[in-house]
Every structure is written in C-alpha cells, then in structure tokens.
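Overview (structure and organization)
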Amino acid sequence: MGKVKIKRKSTLIDMTAMSDVTVLLLTFFMLTSTFLQKEPVTVMTPSSVSEIKVPTSNLAQVLVSPNGKVFISIAGESDPELAGEWGTEAIRAEILKKAVSEYNRLHPNKKVELTDADVASFAKLNMFGVPFQALPSFLRMSQTDQDKVITDMTRNDVGIPIDDNVDLEKPNEFQIWMRAIYSSGNDNLQAAMKKGEGIAVKADKGTPYSIVHHVLDNLQTLKMNRFSLMTALKTEND
Amino acid sequence: MAQIEQSDKGKKKKGAQKKIPIHVDFTPMVDMNMLLITFFMLCTTMIKSQTLQITLPTNEKVEQQDMNKAKESEAITMIVTTERDAKGEIKHDEDGKALNVVYYYEGKPNIEDADGDGRIDNSNLNKEVFLGNEGGVQRGIRKILHDRNKQVLAKIDVLKEQWRNREFSPNKDKNDSIYNVKAKEIRNDSTLTRPVVIIKAAPEASWETVIGALDEMQINQISRYQIDNINQVDSVMILDYIAKNRK
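The structure contained in this document is the topic of the report that follows.

Rules behind the numbers
- Residues numbered from 1 in each chain as written.
- Chains lettered and ligands numbered in written order.
- Predicted model: local features only at pLDDT ≥ 70, side-chain atom pairs only at ≥ 80, totals over all residues.
- Heavy atoms only, no water.
- Helix = DSSP H or I, 4+ residues; strand = E, 2+ residues; numbered from the N terminus.
- Expected span 1.5 Å × (residues − 1).
- Buried < 20%, exposed > 50% of the residue type's maximum accessible area, 1.4 Å probe, protein only.
- Arc of directions from axis to C-beta.
- Contact = heavy atoms within 4.5 Å.
- Phe/Tyr/Trp six-rings, centres within 6.5 Å; stacked < 30°, edge-to-face > 60°.
- Salt bridge = Lys/Arg side-chain N within 4 Å of Asp/Glu carboxyl O.
- Buried area = accessible area lost by both parts, 1.4 Å probe.
- Polar contact = N/O pair within 3.5 Å; in protein donor to acceptor, adjacent residues only side chain to side chain.
- Nonpolar A, V, L, I, M, F, W, Y, C, P; charged D, E, K, R; others polar.
- Pairing = 2+ DSSP bridges.
- Axes fitted to C-alpha atoms, helices over the stretch in contact; angles between N-to-C directions.
- Parallel < 35°, antiparallel > 145°, perpendicular 65-115°, else oblique.
- Left-handed = near helix turned anticlockwise from the far one by under 90°.

1. Notes on helix 8 (residues 232-244) of chain B
Residues and elements named next belong to chain B.
- With 13 residues, helix 8 extends 18 Å between its outermost C-alpha atoms, agreeing within 8% with the 18 Å of an ideal straight helix rising 1.5 Å per residue.
- All of the buried residues in helix 8 are D234, M237, I238, D240 and Y241. Down the axis of helix 8, the buried side of the element spans an arc of 165 degrees, and every buried residue falls inside it. Relative to its buried face, helix 8 has exposed residues pointing more than 90 degrees away, namely Q232 and L239.

See below:
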C-alpha cells in the first residue's frame, strides 16, 4: 500500500518553478522586443558598423522594394504630452489632407475627394503606397483587401510614383508626399528632417543601386540632402 | 485505496487539516504563459535597426570652378559593383557570399592609349573585395584605405585607448562626448595627410555594396568622402580591366 501511495504522488509535478521561468521569459520578451510593423515587402537591410539607433518618433520612413516600388511610413510624437496634437494618427491625417490638397491644386482635372472616414482609415495604415488616383478606392477597402493589394508587387497601382523627377514646379507624387510631411506643421518633425534623422531610407541588400539612386535623387531634388539609411548591426570582423 | 485515505482523514481530522499544505496547481498558468511567450516571439522583433547618416550634395548644377577639387595625390576613387548573371540575380561565391567587387584608382584615371590598339596601356585601376578583419588585421579594400589614412588612425587609436580607460571623465556619457569631439578634431585635422574618397556605384551594384563602401569610411575614420555618379571614363576602364584579366 505504501508503494501505491508513492506512485500516486510522483505523477504530480510542481509547476511553480516552471511558471516562474515562463514569467521571467515573458518579461524579458516584453521588455526587449518591439512589435513587428506590417510592411508590404520584407527587406533585408545591409549591415554597417554605425550604432545610431533609428528613432521611434518623428520619422518618415521610405521603403524601397527590390523592384523599385516606394512606400512611406510616418511616425509622429511618442511623447505623451505632445501625442494628442502630433501623435502618429493625428499627423498622418494632417499630412494626408495637405498632400491631397496639393495634388488637387496641381491636377485640377483629376481631383481626389476624400471623406472623413477615408482620412481616419488612412491614419491607421502603418505604411501606404498607392497613387493618389487609387487612394479613395484603396481606403474604402476592408483591411484584408488592403493588405492583399499592397503586398502584390506586380500591380501597377501599388507604390508611390517617383518618375518625372525634373521640375519642382511639377513635383511627382513622391515629392508631394515628402513636402507634405516636411510642412506637416510639427516643428519637431521638420527639425528632425533637417538634421537628417527624420528621413530614413530602407532598401534591400540586393536592390540595384540604380533603383535606390532614383529615390535618393528625388530627395536631392527636394533639397533633402541629409538623411539616414537603415542598416543592421555588424562588427568590424564581419 | 480511496477508502483508506478517507478513513485516515476521518480519524485525524483536525491534525490532518492543519498539515495539508495549500497547493495551487500552476499548470494552467504555465500553459497561458507559454501561449503568451509564443505570441510575443512571433509578433515582435529583437532586431533594432541602426541608421547610417549621410549627406548628399545638392542636385543643383555647380560651376566647375566653384567645385573644390580634390588634390590629385589625396584622391582615391572607389567604384563598387556587384556581379550579376543574365537574369539580374546576384552571383555568389562558394561560401555563399555575394560577389561584390570594388575597383579603385588613385589620383586621376589613366587611360592613355599611345600605341592606338584600342586598349588602355597602363590603367591604374585595381580590383579589390570587401573583407572583414581577421585577427585584428585589415584585409581587402579596408587595408588600402587604412594605409592611406594611417596618420589619422594612429592618433585615433591612442584616443580610443584613453576612452576605453575612461580617462576623459568617469561619467560614461561625458566620456563618450569628449571622445567624439576629440575624434572629430583629428578626423578633420588638415595637417595630417588624409585621403579624399570618391565613391561611385555602378547601376547594377547592390545596395549592400554602397552601404559597405560608406561603412568603410566610418571604420577607417575618413572624413572626406563623396558619392558621385559613374561616368564614361570609369566604365571604359572597368571594361578594359575585365577584358585584360579574363582567364
């Protein structure tokens, strides 16, 4: 009988220690990692020894896909005191209004009309990249459909057009967007862009220079000569 | 069995109740934590992106005379490119590393063709690759740049040693900032012989090579460098080099 009792006891495992370990692991992951941002294409950034961290607030990130499509992601203030006025969603809505009105001024024949619901839907997008003409229909789609459209690199209506980089009187859509971001009204964002911290260009390792150069050239035309390039960390021995 | 237990409990009811430890089963808690960990592992990233800051010249046309031309003896031109196959896919070597190459020449390009056979006689173009340090020794293009910037690097090394020992200030941030100011002074010290690097990228060069070239500037503490567009002379020299060195 004594034997039987011992057997029964041995099936019970004390999970307290296990629970301790898992809570520790959980805490570690919660504190050290950041959430993945949804991006239309996954790019592997090249590595460099530079240790400057990419800022999390007041940043316009330009993503260049390997086939030359351009997407922009805007982050506003993270400081809770300023987040009400210039938080990420507020600044995105402001920039969208500015960019669309500028586009309508330049293209009086093909005006783009957006409702308040469209603007709200735009503010929630992490990364956008459709031509102005496709914007209203894109913003009225369901989120699943939006993801489907924006990740399809073969479509013609995906990616912000960056061709015709000749005349600042007739800026292309990418330049309209960048200018709208620059003149969003938030001085901190403008200062960050002037210093070069506010613009980050992200491109894949294998992307040919001619494609990235096209984007950099556009920025140069806009006199945004200082900017950051997104890289991963490496050591001198790699 | 159960009966015996029951009877046991019944007999020493008071004593047994006192002795029975309160036991909470943590299994569901562990289950839930595991689920949460899985969620965090899948939905978050540990990789923090770094940035490399660059300043490009304006696109406005500058008069030739206004341009501050680099002294010929100090100039070194790097042309980065990546070998690609007919489909445009990057070629890799046996180790799986992308075939990134750097052509470089010092001073002015030398494209004399005295005998008129259509081939450049003595091209000063050379070919190198990007390689990391091995055992603290520079290799590849890094060695060439390192040798050109020896004076600055020697001074920076002394400074780095002081920075490591926190000789400027025991406070870490203050130590860093004083080091950065002093290092910048040395990098921009015009009494030392410092190279001027002109980085050019071929259209097919991968983005990695361009970043790699900019990175070499940081590693070798070169303060004077610029990104330029590749021109005809450069492509002629590269084609000539490839033709001459074809096996």
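2. Describing helix 7 (residues 143-150) of chain A
All names here are of chain A.
- Every buried residue of helix 7 is listed here: Q146, V149 and I150. Looking straight down helix 7, one finds that the buried residues subtend no more than 85 degrees of arc, so they occupy a single side. Helix 7 presents T144 and K148 as exposed residues on the side facing more than 90 degrees away from its buried surface.
- The secondary structure elements touched by the buried residues of helix 7 are strand 5 (70-75), helix 5 (116-124) and helix 6 (135-139).

3. As for the packing of aromatic side chains
- Considering all chains together, one arrives at 11 aromatic pairs over all chains under this definition.
- The interplanar angle of 50 degrees and the centroid separation of 5.9 Å between the aromatic rings of A:F35 and B:F40 together place this pair among those described as tilted. In this pair, A:F35 is assigned in strand 1 (residues 34-35) and B:F40 in helix 3 (residues 27-43), connecting two distinct chains.
- Seen in terms of ring centroids, A:F122 and A:F128 are 4.9 Å apart; in terms of plane orientation they differ by 50 degrees. Their pairing is tilted. Grouping residues by exposure puts A:F122 and A:F128 together as buried.
- Taken together, the ring pairs in this structure connect A:Y103, A:F122, A:F128, A:F132 and A:W177 into an aromatic cluster.

4. Focus on the pattern of salt bridges
Residues and elements named next belong to chain A.
- Counted under the stated rule, the structure contains 14 salt bridges over all chains.
- For D147, the salt bridge goes to K38, with nearest N and O atoms at 3.2 Å. Here the residue D147 occupies a position in helix 7, and K38 occupies one in the loop between strand 1 and strand 2 (47-48), the gap between them amounting to 109 residues.
- Accessibility expressed as a relative area gives 30% for D147, which makes it partly exposed.
- When its relative accessible area of 48% is taken as the criterion, K38 is described as partly exposed.
- The partner of E197 in a salt bridge is K195, and the shortest N-O contact between them spans 3.8 Å.
- Look at E197 and you get partly exposed, because its relative accessible area is 32%.
- The exposure class of K195 is partly exposed, given its relative accessible area of 49%.
- One connected set of salt bridges, linked through shared partners, spans E102, R105 and R179.

5. So, the interface of chain B and chain A
- Facing the 55 residues of chain B at the interface are 61 residues of chain A.
- Summing both partners gives a buried area of about 5400 Å² for chain B against chain A, and 62% of it is carried by carbon and sulfur.
- When the area that chain B buries against chain A is broken down by residue, the three leading residues are B:Q50, B:T51 and B:W207, summing to 16%.
- The interface formed by chain B and chain A contains 0 salt bridges.
- Summed over the shared surface of chain B and chain A, the result is 17 residue pairs in polar contact (both at pLDDT 80 or more).
- No other element matches the 12 residues that helix 3 of chain B contributes to the side of chain B that touches chain A.
- Each residue belonging to the side of chain B that touches chain A can be placed in one class, and the counts come to 29 nonpolar, 17 polar and 9 charged.
- The pairing of strand 1 of chain A with strand 1 (residues 44-45) of chain B spans 2 bridges and is antiparallel.

6. Describing the packing of helix 4 (residues 88-106) of chain A against helix 5 of chain A
Residue and element names in this part refer to chain A.
- Relative orientation of the contacting elements helix 4 and helix 5 amounts to 125 degrees, with a least axis distance of 8 Å. Here helix 4 is positioned oblique relative to helix 5, judged by the angle of their axes. Our pair here, helix 4 against helix 5, has a crossing hand that is right-handed. The segment helix 4 lies against helix 5, with E89, R92, A93, L96 and K97 engaging V119, F122, A123 and K124.
- Of the residues that constitute the contact of helix 4 with helix 5, the class distribution is 5 nonpolar, no polar and 4 charged.

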